[in-house]
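Below, each chain spelled out in residue letters.
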Amino acid sequence: MIDTAMLYGLTGAGVVGIGLYGFLSLRHLLRRVLAFNVVGSGIFLMFGAAGYRGGGAGADPVPQALIITGIVVALAATALAVGLTLAHARASGRRTLPEDDT
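Here we summarise the structure given alongside this text. (Residues numbered from 1 in each chain as written. Predicted model: local features only at pLDDT ≥ 70, side-chain atom pairs only at ≥ 80, totals over all residues. Heavy atoms only, no water.)

**Describing the overall build of the protein**
At step 1: Secondary structure assignment for the protein yields 3 helices and 0 strands.
At step 2: Secondary structure elements in the protein, listed N-terminal to C-terminal, are α-α-α.
At step 3: In terms of overall size, the protein is more extended than a compact globule, its C-alpha atoms giving a radius of gyration of 17 Å where 102 residues would be expected to give roughly 13 Å.
At step 4: Here the C-alpha coordinates of the protein stretch approximately 55 × 25 × 10 Å along the principal axes.
At step 5: When burial is assessed residue by residue, the protein has 22% of its 102 residues classed as buried.
At step 6: As displayed, the protein has an accessible area near 7000 Å², and 71% of this comes from carbon and sulfur atoms. (Helix = DSSP H or I, 4+ residues; strand = E, 2+ residues; numbered from the N terminus. Rg over C-alpha atoms; globule rule 2.2 N^0.38 Å. Buried < 20%, exposed > 50% of the residue type's maximum accessible area, 1.4 Å probe, protein only. Areas by Shrake-Rupley, 256 points an atom, 1.4 Å probe, with all protein chains shown as cover.)

As C-alpha cells, then:
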C-alpha cells in the first residue's frame, strides 16, 4: 500500500512533468510563465512530502518554512516575469520570442 507522503511526492513529480511539457511546448510567453509556476508548485509539493515524518509526529517545520518563503519568492518572480512579458509585447508587438516564430 502506498502511504500519504509517497502519494504527494508522486503527484508533485507528475505536476513538475506537466509543467515542463508546457514550458517546452508552448510559444506564448504568458503561458510559459504559467507553466513555470506549475513546475514550482510541483517542487513545493515534493519538498513538503519529503518533510513528512510519518506517524503522529506530523511534518518537519523547516521544509514548511522554506516552502512558504519559496511561495513568496515565486510570487515576486512571477510579477517580474509578467511585467517583462508585457514590456516585450508592447515594444515588439508580438507575444512570442523571435526565435519561436520559425
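**Focus on the environment of Ser41**
At step 1: By the element assignment, Ser41 lies in helix 2 (residues 29–50).
At step 2: Between the C-alpha atom of Ser41 and that of Gly12, which follows or precedes it by 29 residues, the distance is 7.7 Å.

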